[in-house]
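# Structural overview
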Number of protein chains: 12
Amino acid sequence: MEDHVYKIVELVGSSKQSIEGAIEAAISRAGKTVRNMRWFEVVQTRGHVEGGKVSHYQVMLRAGFTLEKE
Amino acid sequence: MEDHVYKIVELVGSSKQSIEGAIEAAISRAGKTVRNMRWFEVVQTRGHVEGGKVSHYQVMLRAGFTLEKE
Amino acid sequence: MEDHVYKIVELVGSSKQSIEGAIEAAISRAGKTVRNMRWFEVVQTRGHVEGGKVSHYQVMLRAGFTLEKE
Amino acid sequence: MEDHVYKIVELVGSSKQSIEGAIEAAISRAGKTVRNMRWFEVVQTRGHVEGGKVSHYQVMLRAGFTLEKE
Amino acid sequence: MEDHVYKIVELVGSSKQSIEGAIEAAISRAGKTVRNMRWFEVVQTRGHVEGGKVSHYQVMLRAGFTLEKE
Amino acid sequence: MEDHVYKIVELVGSSKQSIEGAIEAAISRAGKTVRNMRWFEVVQTRGHVEGGKVSHYQVMLRAGFTLEKE
Amino acid sequence: MEDHVYKIVELVGSSKQSIEGAIEAAISRAGKTVRNMRWFEVVQTRGHVEGGKVSHYQVMLRAGFTLEKE
Amino acid sequence: MEDHVYKIVELVGSSKQSIEGAIEAAISRAGKTVRNMRWFEVVQTRGHVEGGKVSHYQVMLRAGFTLEKE
Amino acid sequence: MEDHVYKIVELVGSSKQSIEGAIEAAISRAGKTVRNMRWFEVVQTRGHVEGGKVSHYQVMLRAGFTLEKE
Amino acid sequence: MEDHVYKIVELVGSSKQSIEGAIEAAISRAGKTVRNMRWFEVVQTRGHVEGGKVSHYQVMLRAGFTLEKE
Amino acid sequence: MEDHVYKIVELVGSSKQSIEGAIEAAISRAGKTVRNMRWFEVVQTRGHVEGGKVSHYQVMLRAGFTLEKE
Amino acid sequence: MEDHVYKIVELVGSSKQSIEGAIEAAISRAGKTVRNMRWFEVVQTRGHVEGGKVSHYQVMLRAGFTLEKE
């Protein structure tokens, strides 16, 4: 975190396999519209249950990206 | 909350009548620019006082909308 | 809150109309199986959005009821 | 919130009807002794249950009023 | 989270392998006595250490299940 | 906290003498219906005042007990 | 907590002996100027150390008293 | 923080220059009516923006003062 | 905070000199793309250390701006 | 808390008798290796249950000690 | 957590693969200088992003180890 | 925050002038015994009042330093 101005976006990603999978889904999808994403922080970890098993994990993130100087 | 990536926006709505009115004002205004809003969570409830009475309620929300797959 | 032992249950109620309606739905439904409910505390207020409008409110409560002495 | 010094009072109001009613009861009663109240913030929402129904709502507020310059 | 009343149970599961394993152990064991579990939220992640290594993970969850209408 | 699944109950105990007395009242009463209680965590400490003195202490606990394997 | 408006005062009491002693010191001293105190809630428990021993406990409270109707 | 009973007041001060200026404005104004103020704790730091610049800082404090023995 | 709908952006600014400098850097940079910014709230204050000295301060803000009516 | 630099250590003490006993056990043990301990703050109060009774209390503390100038 | 005094250390570990890997890196490295580590608790989960992908996970832990009696 | 293991120390610094001065006092003093300090996070900002003015600021920090690989 060097000497920049960052903007933060909040995202929720999901995955049937793992918490890391849900994080990567959110980061990967957001990367299509936001350049220069640098770090994230997990805000909340949730999930859904079907038939007595975890059907998917959902992770809420705050992710920071640099605003280029203009 | 199915298997999607959500983006979250934070909003403050206000109403002279009620807390629900302030929530609906925020959701309704944001719906003009954001499609596919799905859920919200109340972060803070405040208000203003004039002449010893509540003049309006203000509610801060986090609202999630789906990012379509591309 | 007199000199008793209380047990606490956590509940989520919902209503299309209002936050109070969601609280009352949870208290009313729980009252079918739990006697002696005495107080509640709001833990979280959320809701769902459909077509750019609030479709229903959801309120998470902690509600306390007395355990009778045996 | 302009360029003033505010003092904050914490209050609990109650109402048989609604959360807004409990807020207004607290603001109205405090207005009898405190002039210049300007804003409030909800700290906690609770209530009592009798006979399986909500008997009244209780809302704890922090309310700010201006200290006049002397 | 549709228009239902949910009851919430708090659980701690554990696993020698992973955080996801601890979540699944709790959900699976609770599913033997609670029907209709729908979602969970991670409250706390802990673990034990033996011989300088993680011996098992422990995850505290809040899990919600629907109360059927009667 | 070994390799088990725990369920958590939330309780409020009270005592005219002390905080420890309020904790013990809650644990002792709950022990009549729940076997295998193992640990507790204090969530909140409150009390009542009568005639300018503390009339009783009230302590809210989260207590964990093991679910036997079936 | 019946159907009243309460005002809340925040206090810190101290005692060389115990946490309960610190609470009682605060409640007792405040009772000299505030009538109708009804309940308290512990906000923070601290203390001082001298010569490797606890020299006194300090407890911060929020205490509620009824505002009489006028 | 020696062996006294303290009462706590909550204040908001503001300054066009700095966070420290806002703290000092609140402490200085409150000192006109409260004797024996001893310490403070910052609860929240906010501010206003005009024309894309910070127009003033606002800091919410909890400040403790000793109640003299009577 | 009058009767408007606000949207909130989260930002991180940095400065080699001071916390106020970091806040102003974030507000100033964001003001290039967001009109009508009105207030901010400090969420977190961090910094970097080089050679045993603070090399720069980093402040995370939530800043609110009005959405014009359409 | 005068004009010093403090370092903080986090400790957990336990006692079969009381919360104060657990605090004193932690302070007393730490005093064997840390000089100049000045204050503490309770972070968490927990305990163990055996045979339906509290077997011991455990209290987590943050304790501050002065770093002498060199 | 038996009848001991524990000291707590706070650590940040990192891993390119997983959250569990970051926890194990911190526990393993700390085990080189601290004997008798017994448990940990996750305080924060963060990570870095490079080229639109997670480059590594970082997990902040509080880990407790027993102080032997002397 | 690259791919390292960090240890965290908690510190309180103080200054008669400013919050930044208190942070720098803590970082500077700790730098005499801890090498490789990299970042800090403000946990709490407090201060003392004498004669109705701020006599000094006190800031509690969590500061991270790298543990070298062995």
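Residues numbered from 1 in each chain as written. Chains lettered and ligands numbered in written order. Predicted model: local features only at pLDDT ≥ 70, side-chain atom pairs only at ≥ 80, totals over all residues. Heavy atoms only, no water.

Another aspect to go through is the overall build of chain A. Helix and strand counts for chain A come out as 1 helix and 3 strands. For chain A, the α and β elements follow one another from N to C terminus as β-α-β-β. What you see for chain A is a C-alpha radius of gyration of 14 Å, clearly larger than the 11 Å of a compact globule of 70 residues, by over 25%. Seen through its C-alpha atoms, chain A measures out along the principal axes to roughly 55 × 20 × 15 Å. Taken across its 70 residues, chain A has 66% of its residues classed as buried. (Helix = DSSP H or I, 4+ residues; strand = E, 2+ residues; numbered from the N terminus. Rg over C-alpha atoms; globule rule 2.2 N^0.38 Å. Buried < 20%, exposed > 50% of the residue type's maximum accessible area, 1.4 Å probe, protein only.)

A few words on the interface of chain B and chain C. Taken residue by residue, the interface counts 13 residues in chain B and 14 residues in chain C. Buried area between chain B and chain C, summed over both chains or domains, comes out near 1100 Å², and the portion from carbon and sulfur atoms is 58%. Counting across the interface, chain B meets chain C through 1 salt bridge. Ionic pairing is found between Glu41 of chain B and Arg46 of chain C, a salt bridge with its closest N-O pair at 3.4 Å. Our count for the chain B to chain C interface comes out at 6 residue pairs in polar contact (both at pLDDT 80 or more). Those elements giving two or more residues to the side of chain B that touches chain C turn out to be helix H1 (19-30) and strand E2 (37-50) of chain B. (Contact = heavy atoms within 4.5 Å. Buried area = accessible area lost by both parts, 1.4 Å probe. Salt bridge = Lys/Arg side-chain N within 4 Å of Asp/Glu carboxyl O. Polar contact = N/O pair within 3.5 Å; in protein donor to acceptor, adjacent residues only side chain to side chain.)

Under the defined criterion, the tally for this structure stands at 36 salt bridges over all chains. Residue Glu10 of chain I is joined to Arg62 of chain A by a salt bridge in which the shortest nitrogen-to-oxygen separation is 2.6 Å. On the criterion of chain membership, the pair formed by Glu10 of chain I in strand E1 (residues 6-15) and Arg62 of chain A in strand E3 (residues 53-66) is interchain, its members lying in two chains. Of the two residues examined, Glu10 of chain I and Arg62 of chain A, each falls in the buried class. Through salt bridges that share partners, Glu10 and Arg62 of chain A, Glu10 and Arg62 of chain B together with Glu10 and Arg62 of chain I make up one connected network.

Taken together, the contacts link 18 residues of chain I with 15 residues of chain A. For the pair chain I and chain A, the summed buried area comes to about 1400 Å², and 50% of that belongs to carbon and sulfur atoms. Among the residues chain I hides against chain A, the three largest losses belong to Glu10, Val12 and Arg29 of chain I. Together they make up 42% of the total. At the boundary of chain I and chain A, one finds 4 residue pairs in polar contact (both at pLDDT 80 or more). Secondary-structure elements contributing two or more residues to the side of chain I that touches chain A are E1, helix H1 (19-30), strand E2 (37-50) and strand E3 (53-66) of chain I. With 6 residues, the top contributor of residues to the side of chain I that touches chain A is E1 of chain I. Across the side of chain I that touches chain A, the residue classes break down as 7 nonpolar, 6 polar and 5 charged. As judged from the 3 bridges shared by strand E1 (residues 6-15) of chain A and E1 of chain I, these two strands associate in the antiparallel manner. When the sheet's bridge partners are listed, Ile8 of chain A is paired in E1 of chain I with Glu10 of chain I. (Nonpolar A, V, L, I, M, F, W, Y, C, P; charged D, E, K, R; others polar. Pairing = 2+ DSSP bridges.)

Now for unusual backbone geometry. Phi at Asn36 of chain B takes a positive value of approximately 70 degrees, unusual for a residue other than glycine. The residue Asn36 of chain B is located in the loop between H1 and E2 in this model.

The two copies are related by a screw operation: chain I maps onto chain A through 120 degrees of rotation and 0.0 Å of translation along the axis, at an RMSD of 0.0 Å. The operation mapping one copy onto its partner corresponds to a three-fold rotation axis. Residues of chain I ranked by C-alpha distance from the rotation axis are headed by Val9 of chain I, positioned 4.8 Å from it. Looking at the interface residues of chain I, only 6% of them are also at the interface in chain A, so each copy uses its own face. (Least-squares fit on C-alpha atoms with pLDDT ≥ 70 in both.)

Looking now at the relation of the copies chain B and chain C. When chain B is brought onto chain C, the operation consists of a screw motion whose angular component is 120 degrees and whose axial shift is 0.0 Å, with 0.0 Å RMSD remaining. Here only 15% of the contact residues of chain B are again contact residues in chain C; the copies associate through non-equivalent surfaces.

Our next topic: the pairing of strand E1 (residues 6-15) of chain G. Each regular strand shows side chains that alternate between the opposite faces of the sheet. Residues and elements named next belong to chain G. For E1, the buried fraction is high: 9 of the 10 residues fall into the buried class. When E1 meets strand E3 (residues 53-66), the two strands line up antiparallel, connected through 10 bridges. The residue of E3 that forms the bridge with Gly13 is Val59.

What follows concerns the packing of aromatic side chains. Both the distance between ring centres and the angle between the ring planes are used here to describe each pair of aromatic rings. Using the criterion set out here, one finds 24 aromatic pairs over all chains in the structure. Taken together, a centroid distance of 6.2 Å and an interplanar angle of 65 degrees make the contact between Tyr6 of chain C and Trp39 of chain C edge-to-face. Of the two residues, Tyr6 of chain C sits in strand E1 (residues 6-15) while Trp39 of chain C sits in strand E2 (residues 37-50), which places them 33 residues apart along the sequence. Residue Tyr6 of chain C shares its accessibility class with Trp39 of chain C, and that shared class is buried. On the numbers, 6.2 Å between centres and 80 degrees between planes, the contact of Phe40 of chain F with Tyr57 of chain J is edge-to-face. Within this pair, whereas Phe40 of chain F is found in strand E2 (residues 37-50), its partner Tyr57 of chain J is found in strand E3 (residues 53-66), the two belonging to separate chains. For Phe40 of chain F, a relative accessible area of 0% translates into the label buried. The ring of Trp39 of chain I has Arg46 of chain H sitting right over it, with the charged end atom 5.4 Å from the ring centre. (Phe/Tyr/Trp six-rings, centres within 6.5 Å; stacked < 30°, edge-to-face > 60°. Lys NZ or Arg CZ within 6 Å of the ring centre and 35° of its normal.)

A few words on the environment of Arg38 of chain F. As for its position among the elements, Arg38 of chain F is in strand E2. Classification of Arg38 of chain F by relative accessible area gives partly exposed; the value is 33%. Along the sequence, Arg38 of chain F and Tyr6 of chain F sit 32 residues apart, while their C-alpha atoms lie 9.0 Å from each other. Contact partners of Arg38 of chain F, with chain neighbours within four places excluded, come to His4, Tyr6, Gly64, Phe65 and Thr66 of chain F together with Gly47, His48 and Val49 of chain J.

Now for the arrangement of the chains. Note that chain A does not reach chain G: the shortest distance linking a C-alpha of one to a C-alpha of the other is 25 Å. With respect to C-alpha atoms, chain F approaches chain I no nearer than 25 Å, and the pair has no contact.

Another point: the pairing of strand E3 (residues 53-66) of chain C. Residues and elements named next belong to chain C. Of all 14 residues making up E3, 13 are buried, and the element is well covered by its neighbours. Examined bridge by bridge, E2 and E3 share 12 bridges and lie antiparallel to one another. Counted as the bridge partner of Val49 is Val54 from E3. What sits between the antiparallel neighbours E2 and E3 is a turn of 2 residues, in which Gly51 has the positive phi angle 60 degrees.

Turning our attention to the confidence of the model for chain A. When pLDDT is averaged across chain A, the result is 91; 91% of the residues are at 70 or more. The ipTM, which scores confidence in the relative placement of chains, is 0.92 for this predicted complex, and the corresponding pTM is 0.92. (pLDDT = per-residue confidence, 0-100.)

Here the focus is helix H1 (residues 19-30) of chain G. With 12 residues, H1 of chain G extends 17 Å from end C-alpha to end C-alpha; this agrees with the ideal 16 Å at 1.5 Å per step. Of all the residues in H1 of chain G, the buried ones are Ile19, Glu20, Ala22, Ile23, Ala26, Ile27, Arg29 and Ala30 of chain G. (Expected span 1.5 Å × (residues − 1).)

Topologically, Lys16 of chain F is positioned in the loop between strand E1 (6-15) and helix H1 (19-30). A residue is classified by how much of its surface remains accessible, and Lys16 of chain F, at 53% relative accessible area, is exposed.

Inspection of the secondary structure puts Ala26 of chain A in helix H1 (residues 19-30). Between the C-alpha atom of Ala26 of chain A and that of Gln58 of chain A, which follows or precedes it by 32 residues, the distance is 9.6 Å.

Glancing now at the side chain of Arg46 of chain D. Tracing the backbone through its elements, the reader meets Arg46 of chain D in strand E2 (residues 37-50). Overall, Arg46 of chain D belongs to the buried group, its relative accessible area being 7%. Side-chain polar atoms of Arg46 of chain D contact the side chain of Glu41 of chain C, separated by 3.4 Å.

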